[in-house]
Structures are given as C-alpha cells and as structure tokens.
Amino acid sequence: MGVRKRQMAEKIKAEKKQIAFAKLNNCPTSPRKMRIVADLIRGVQVEKALAILKFNSKEASGRLEKLLLSAIANWQAKNEDADIEGADLFVKEIRVDSGTMLKRLRPAPQGRAHRIRKRSNHVTLVLESNNNIES
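Please read these numbers as outputs of a predicted model, since none were measured by experiment.

1. So, the nonpolar core
Now for step 1: Core analysis: the biggest nonpolar cluster contains 26 residues, and Leu 64, Leu 68, Ile 94, Leu 125 and Leu 127 have the highest contact counts within it.
Now for step 2: Per-element accounting of this core gives the leading share, seven residues, to helix α4 (residues 59–78).

The structure is reproduced here in structure tokens:
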C-alpha cells in the first residue's frame, strides 16, 4: 500500500471513530409508520431522543428506542476512554428504507381476490459527538 493511500485510510478511520451507527433490518412495520417516529428524533440530543421514544405511544417507538440504545453501546465500544455525558451525542442521521414485502391474497366479492402487501423496513441510525464538530 502506498504512503498516500495509507494516510488517507488512517484519516478516514479517525473520522469514523467519532461516528457510531446501528441498523435494524426487516422490521415488520410499514416504512410510512416508522418515518413518523423517526422524524421526531432526527437531529436531537441522545438523552432527549430516549425520553421522546420512551413516552411515545406508537409501536415503532419501542423498536427505535432499542436501536438507539444499540447505537449508544456501539459508540461506547469505539470510544472506551470517553464518557457519554462529555461527548454530547446526538442523532446525526436516521434513515428508513423499505424492506421486503410479503404479498398475500384476501378474498374479495364476486370470486375475485385483492392483494395485501405486508411491508417491512430497514432503519439506519447514525450518532455523532458534538465535540467532533467543535474541534
């Protein structure tokens, strides 16, 4: 590996050290319902986002709360020497993409059948530290 390529790889690795993410694949909730809850926590501090998800009555909020806790644990694994309070973590990015669709048939009048699409989604949640932006 060349010197310039190694330096660039080390630079990218150092930038990625501050960013932690978690993914939730094939969640059996429609993406439209999940995006409603995801929009509530986009760009919010981690402590406030956990409070929002804990007291939200939608089913998707429970799944996103678990995902956020996983992302926090991933950040702690990458930054063992840092503490969460000093890091000032926030939800940098949360993306809800559609996943696989189960297609089922439902009987309809006059011998016909209607297709029922049971949707699922993939959620990607990225955390970042505010200290990284200031320095």
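The rest of the description comes next.
2. Things to note about a positive patch on the surface
Now for step 1: A surface patch of positive charge is lined by Lys 13, Lys 16, Lys 17 and Lys 78.
Now for step 2: For the positive patch, the element with the most residues is helix α1 (residues 3–17), which contributes three residues.
Now for step 3: By secondary structure assignment, the location of Lys 16 is in helix α1.
Now for step 4: Accessibility expressed as a relative area gives 54% for Lys 16, which makes it exposed.

3. Focus: the sheet that holds strand β3 (residues 113–129)
Now for step 1: With antiparallel pairing, three strands are arranged side by side in an open sheet as β1-β3-β2. Where the open sheet ends on each side, the last strands, each with one partner, are β1 (20–27) and β2 (89–107). Across this sheet, the average inter-strand angle for adjacent strands is 10 degrees, counted without regard to direction.
Now for step 2: Summarising the sheet, β2 and β3 pair through 16 bridges and their orientation is antiparallel. Looking at β3, one finds that Lys 103 is bridged to Arg 117.
Now for step 3: Contacts between helix α2 (residues 31–41) and the sheet are confined to β1, β2 and β3, with β2 contributing the most and set at about 170 degrees to the helix.
Now for step 4: Contacting β1, β2 and β3, α4 crosses the sheet at an angle of about 145 degrees to β1.

Parameters at a glance
Residues numbered from 1 in each chain as written. Predicted model: local features only at pLDDT ≥ 70, side-chain atom pairs only at ≥ 80, totals over all residues. Heavy atoms only, no water. Core = buried A, V, L, I, M, F, W, Y, C linked by side-chain atoms within 4.5 Å. Buried < 20%, exposed > 50% of the residue type's maximum accessible area, 1.4 Å probe, protein only. Helix = DSSP H or I, 4+ residues; strand = E, 2+ residues; numbered from the N terminus. Patch = residues over 30% accessible without salt bridge, like charges linked within 9 Å, V, L, I, M, F, W, Y side chains within 5 Å. Areas by Shrake-Rupley, 256 points an atom, 1.4 Å probe, with all protein chains shown as cover. Salt bridge = Lys/Arg side-chain N within 4 Å of Asp/Glu carboxyl O. Lys, Arg positive; Asp, Glu negative; His and termini not counted. Charge placed at Lys NZ, Arg CZ, Asp CG, Glu CD. Pairing = 2+ DSSP bridges. Axes fitted to C-alpha atoms, helices over the stretch in contact; angles between N-to-C directions. Contact = heavy atoms within 4.5 Å.

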